[in-house]
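Chain by chain, the residues:
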Amino acid sequence: MNLHNRTVRQDVRELGALLGDVLEAQTSTEAFETVEELRTNAIGYRKGDVESRQELYDVLGRLRSGDESVVARAFTTYFELINLAEERERVRAVRRGSQDGTLDDSLVDTVAALVEDDADPDTVQRVLDDVLVEPTFTAHPTEARRKTVKSKLRSIAADLETLDERRLTDQEREQTWHEVDAEVTSLWQTAQVRNRRPEPTDEARNVQWYLENTLFDVTGEVYSELEDIVSEAYGDEVRVPKLFEFRSWAGSDRDGNPYVTVDVTEETLERQRSVVLDRYRNALKRLSGVLSQDGSRIDVGPAFEQSLEADRERLPATAEEATTRYPDEPYRQKLKLMRERLERVEDVRPDGYDDAAELAADLDVIAQSLKLNGAERVVSAYVEPLVRQVDTFGFSLASLDLRDHREKHTSAIAEALAVEGIEYRSMGEDERVELLTEAVLQEQPVLDLDDLEQFSDGTARVLRRFRKLGDWQHEYGASAIDTYAISMTDEPSHVLEVLFLADQAGVVSLPDHCGIDIVPLLETEYALNGARRIMGTLFENEAYSQALSARNGLQEIMLGYSDSNKENGFLAANWDLYKNQRRLADITDEHDVEMRLFHGRGGSISRGGGPMNQAMLALPNETVSGQIKFTEQGEAIAEKYANPRIAERNLEQMLDAQIRSRYEALREPKEHVPDEWADAMDTMSTAAREEYRDLLETDGFVSYFEQATPITVIEELNLGSRPASRSGERTVEDLRAIPWVFSWTQSRCILPGWYALATGLNAYLDDGGDEETLREMYDEWPFFRTTLDNAALSLARTDLEIAAEYANLADASLRAEFFGRIEDEYDRATELVRSVSERDSLLKREWLGESLRRRNPYVDPLNLLQTHLLSQTHRTTEEERTLRLTVKGIAAGMKNTG
């Protein structure tokens, strides 16, 4: 069966031609011909038909300022459209694979693997009961596109879907393409570059869009699919429990962002609740259209009658209206009353639902009544998906995690305690732990959080946040905001400080109640290697152990991929993270604590990105408790969740990986890693770390980085509400991981994703190791295979010929010092990765190679234009705007920022 009317080549060709028509109509024939000349020369050079890029340089050198802007806009818009074409091709691949049963990582395969391994129903039930997947959306500033631009692109994507999947008449097809033409014209006339920095509320709304418009619907579809597959394999012996929970940092993450205030967090909580309640009201309205059963012809059962009568007594005026409007239609009467109760959740009037569990209970009453009347199909098609939505999204849409830097808490406590005559700053670590423990355990509060005028602004901000936390939990539900992550946690006292502040605010009352999960974020080498010191001290601490017990013995620990990579380099950071995950598993096992790892992954390889299902399958068995949490951020959110079918596919792959991993962990609780492999990794990572640190610490490297990448431009872009560096200092250590990676990606030298890999591998070989052992590690050890494959992706996306253009911008002495060193490491890494993986190409997936070949000739003119503009000592306002636009275009072409 032919599922589609178009191909990716047709989409690319026709969208490109349409853009050319729009370009010529909106500018001039001369501008169109200039862009065409750049395009054909770039393609000719990549194909080998042209010997050099000199003609490209000549064309760019002749451009006037206005022409440069047109070129930048043309290639940027091209990539925006081609990204839609490739997204459509991904959807085609998913639909074809689903239809013919060849889709990898599908839920069909998941359950088939369990059946093939003779997993009994009890084991399967335990696996499913253990699994909870928690994608956590952040507001990190890596999304280079404006919301307005994204909206227009989604409109074009919808038209492409119509053309591809529907049978249309010639007139309908022509009309749809006319709409695409109009939208592309509007896109051309729309400003690509933001004229203001987005505010935290903008970022929160962006995250909410994906939750409300995509995930709210597709999550239920994933549940329905899994339930059907499990039922077919295991009948009624296995039930599908809650498997997903969505969380967000947008509007609540304060680390380095002074613009996230208590008002922003409160507005986020309020808006998210309004959004999800509105979705439920609409769903109940649609359900009312279905449940039109005649009460005189069915027996709704005593449970339903009792529930309906309780609502009638609770809301007599609404009940009278419902009876008048729906005589002899009991389900519609009930649904009318349920909608009224939802209305009153945000109302001053009483008798609204207290929480989502009450709404779910009412839906269950309806479901059981329908089943009594033989309407199981109605239940499975209409009621159960809504129950799943209520179970997943609650009344909060996504639970918020609070986060701040550890130093903010330390400073606030030091200032507040100084008023009480306690010199906290001068105390050692053991003294701080002792003081905080005693303060939490005593009944009387130490601080007066109602009197904040005596404190500095920074301290008042921290104390006010904790004071408001209790109010938020009371108003929006305890689960709406129940986690607090601490950036740069290095000591046990950093965790106890948050426990102390929560205790002073009444959110904690030991031993019976602890209203928050306190999550240390381990991201420095010192913290990761000190995991036993930090967590062991906490687990043995009297106050913290009581808090942990009140949270059902579950400890969430966050691992920072971004800063650990920036500090230690790709290979060493990955090995440190792997070892310390196992170490944390040992520590929690020793203390009989259940661990949930929170993986702070970014979108790029160097920040923990890459295929999520492969990353989940590569985790050490000891760490796979079933529950897993990970960040989703920047352009990766749009790539994964903007299109409903791709969003569903991502959720399916995550679930497949987590079910398989948990099942394997039950069979083999401790992953066997041969000593020879671990020793090899120790040798490699030590050498790689030394080489990476030596590069960063060599005199002049920071200057080279500033001159050979567009970091100064990126810092000025209105990407997010958070500043690019923590303190404004110009050091690699102070610079945030996102602009660090973004800058190298723009210059096509994705150094953070592979630098020092060759040094590490060669150190092992020089120490007596052999490539055959490396190949064995690659074939049999998911961690090593995933690490090398991810490095290969970064190597494949690197183009040192373009990177050389950026290196030429640096002082000659700096270029001589650093570029040759980087080039040599790249060449050796490329050769070694190919040899170890036994592939001719760096890439495992041919479609990715095809995508890169399609994109590279179109990114090249933007890179060369960017280097041309960067070389100017004085730029006009229009040239500055064009320079920023090249950043957007290259990000779209590389499909990655930071």
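Residues numbered from 1 in each chain as written. Predicted model: local features only at pLDDT ≥ 70, side-chain atom pairs only at ≥ 80, totals over all residues. Heavy atoms only, no water.

**Observations concerning the overall build of the chain**
Inclusion rule: Strands are runs of DSSP state E lasting at least two residues, helices are runs of H or I lasting at least four, and both sets are numbered from the N terminus onward. With the radius of gyration taken over C-alpha atoms, the globule rule is written as 2.2 Å times the number of residues to the power 0.38. The rule is simple: take the accessible area with a 1.4 Å probe, protein chains only, and divide by the maximum for that residue type; under 20% is buried, over 50% is exposed, in between is partly exposed. Note on definitions: a residue-residue contact is assigned when non-hydrogen atoms from the two residues lie within 4.5 Å. Per-residue and other accessible areas were derived by the Shrake-Rupley procedure at a 1.4 Å probe size, with only the shown protein chains allowed to occlude residues. The charge count treats Lys and Arg as positive and Asp and Glu as negative. His and the chain ends do not count. Note on charges: their place is set at NZ of Lys, CZ of Arg, CG of Asp or CD of Glu.
In terms of helices and strands, the chain carries 38 helices and ten strands. Computed over its C-alpha atoms, the radius of gyration of the chain comes to 29 Å, within 12% of the 29 Å expected for a compact globule of 898 residues. Reported as C-alpha extents along the three principal axes, the dimensions of the chain are approximately 85 × 80 × 60 Å. A burial count over the chain gives 60% of its 898 residues as buried. Here the analysis covers contacts within the chain between residues at least 6 apart in sequence; of these, 82% occur between residues at least 24 apart. Counting only carbon and sulfur atoms, one obtains 43% of the accessible surface of the chain, whose full area is about 35600 Å². The averaged location of the 175 negative side-chain charges in the chain is 5 Å from the averaged location of its 106 positive side-chain charges.

**Things to note about the pattern of salt bridges**
Here is the rule we go by: Salt bridges are defined as contacts in which a side-chain nitrogen from Lys or Arg sits within 4 Å of a carboxyl oxygen from Asp or Glu.
Inspection of the entire model under this criterion finds 90 salt bridges. Residue Arg662 pairs with Asp130 through a salt bridge whose shortest N-O separation is 3.0 Å. Within this pair, whereas Arg662 is found in helix α27 (residues 644-667), its partner Asp130 is found in helix α6 (residues 121-130), the two being separated by 532 residues in sequence. Exposure remark for Arg662: the relative accessible area of 10% places this residue in the buried category. In this structure, Arg551 engages Asp517 in a salt bridge whose closest nitrogen and oxygen atoms are separated by 2.8 Å. Taken together, the positions of Arg551 in the loop between α22 (542-550) and β8 (554-560) and Asp517 in strand β7 (residues 517-522) put the pair 34 residues apart, joining distant regions of the chain. Several salt bridges converge on common partners, so that one network encompasses Glu134, Lys242, Glu245, Arg247, Asp401, Asp482, Asp517, Arg551, Glu556, Arg596 and Lys629.

**Overview of the layout of surface pockets**
What counts, and what does not: We place a 1 Å grid over just the protein atoms. Points where a 1.4 Å probe fits but has no way out form a cavity, open points with protein on both sides within 12 Å along at least 5 of 7 lines form a pocket, and any residue with an atom within 4 Å of a point lines it. Grid points are joined across faces, edges and corners, and a volume is the space filled by probe spheres set on the points.
Taken as a whole, the second largest pocket encloses approximately 950 Å³ of empty space. Ser399, Gly477, Ala478, Ser479 and Ala480 are, among the 50 residues lining the second largest pocket, the residues nearest its centre. Contributions of two or more residues to the lining of the second largest pocket are made by β1 (132-137), α14 (356-372), α15 (376-393), α18 (457-476) and β4 (481-487).

**Focus on the packing of aromatic side chains**
The cut-off we apply is this: Stacked, edge-to-face and tilted are the three classes for Phe, Tyr and Trp ring pairs, Trp counted by its six-membered ring, which pair at centre distances within 6.5 Å; planes under 30 degrees apart are stacked, over 60 edge-to-face, the rest tilted. Here, a charge over a ring means that NZ of Lys or CZ of Arg falls within 6 Å of the ring centre while also lying within 35 degrees of the ring normal.
Inspection of every chain in the model, using the stated rule, returns 32 aromatic pairs. Ring geometry for Phe244 versus Phe246: centroids 6.3 Å apart, planes at 5 degrees, classification stacked. Grouping residues by exposure puts Phe244 and Phe246 together as buried. Summarising the aromatic geometry, the rings of Trp249 and Phe598 are spaced 5.8 Å apart at their centres and angled 80 degrees between planes, so their arrangement reads as edge-to-face. With Trp249 in the loop between β2 (247-248) and α10 (262-290) and Phe598 in strand β9 (residues 594-600), the pair connects residues that are 349 residues apart, well separated along the chain. In terms of burial, Trp249 and Phe598 fall into one category: buried. Site record: aromatic cluster; members linked through ring pairs are Phe137, Phe216, Tyr223, Phe244, Phe246, Tyr280, Phe393, Phe395 and Tyr641. Residue placement shows Arg73 over the ring face of Trp188; its charged tip is 5.6 Å from the ring centre. Geometry around Phe598 places Lys629 over its ring, the cationic atom sitting 4.5 Å from the centre.

**Details of the confidence of the model for the chain**
Note the threshold: The predictor reports its confidence for every residue as pLDDT, a score running from 0 up to 100.
Mean pLDDT for the chain: 91, with 95% of residues reaching 70 or above. At the level of individual helices and strands, the chain shows its lowest average pLDDT in helix α23 (residues 561-568), which scores 78, and its highest in helix α19 (residues 492-504), which scores 98.

**What to know about the sheet that holds β1**
Our working definition: Should DSSP find at least two bridges between two strands, the strands are regarded as paired. Fitted lines through C-alpha atoms give the axes, limited to the stretch in contact for helices. The angle between two N-to-C directions lies from 0 to 180 degrees.
Reading around the barrel, the eight strands line up as β1-β2-β3-β4-β7-β8-β9-β10 and close back on themselves, with parallel pairing between neighbours. On top of the sheet, helix α24 (residues 570-590) reaches β7, β8 and β9; it is set at about 160 degrees to β9, its chief contact.

**Focus: the pairing of β4**
Taking burial as the measure, the seven residues of β4 include seven buried ones, the bulk of the element. Sheet topology note: the strand β3 (residues 399-405)/β4 ladder contains six bridges and is parallel. The partner of Leu400 across the bridge, within β4, is Ile481. Summarising the sheet, β4 and β7 pair through four bridges and their orientation is parallel. Bridge pairing in β7 places Thr483 opposite Asp517.

**Focus: the side chain of Thr318**
Inspection of the secondary structure assignment puts Thr318 in helix α12 (residues 316-325). Not counting the four nearest positions on each side in its chain, Thr318 is found in contact with Lys336, Leu337 and Glu340.

**Describing helix α36 (residues 812-837)**
So the rule is basically this: In a helix, the anticipated span is given by 1.5 Å times the number of residues less one.
End to end, α36 covers 37 Å across 26 residues, agreeing with the expected 38 Å (1.5 Å per residue, within 8%). Among the residues of α36, Leu814, Phe818, Phe819, Ile822, Glu825, Tyr826, Ala829, Thr830, Leu832, Val833, Val836 and Ser837 are the ones counted as buried. Each element contacted by the buried residues of α36 is listed here: α28 (675-697), α29 (701-708), α32 (757-766), α33 (771-780), α34 (782-797) and α35 (800-807). Where α36 terminates, the next one or two residues include Glu838, which has phi positive at roughly 55 degrees.

**Side note on the pairing of β9**
Of all seven residues in β9, six are buried, a share of seventy percent or more. By the bridge criterion, seven bridges tie β8 to β9 in an arrangement that is parallel. The partner of Gly560 across the bridge, within β9, is Gly600. Looking at chain direction, β9 and strand β10 (residues 627-632) are connected through three bridges and run parallel. Note that in β10 the partner of Phe598 across the bridge is Lys629.

**Quick notes on a negative patch on the surface**
Just so we agree on the cut-off: Without a salt bridge and with relative accessible area above 30%, a residue can belong to a patch; like charges are then joined within 9 Å and nonpolar side chains (Val, Leu, Ile, Met, Phe, Trp, Tyr) within 5 Å.
Together, Asp675, Glu676, Asp679, Asp770, Glu776, Asp779 and Glu780 line one region of the surface with negative charge. Those elements that provide at least two residues to the negative patch are α28 and α33. Here Asp770 lies in the loop between α32 and α33.

**Here we look at α15**
In a regular helix each residue adds 1.5 Å, so 18 residues correspond to 26 Å; α15 covers 24 Å between its end C-alpha atoms and thus fits that length. Where α15 is concerned, the buried positions are Val379, Val383, Pro385, Leu386, Arg388, Gln389, Val390, Thr392 and Phe393. Looking at the buried residues of α15, the elements they touch are α9 (200-234), α10 and α14. Of the residues trailing α15, Gly394 is marked for its positive phi of about 55 degrees.

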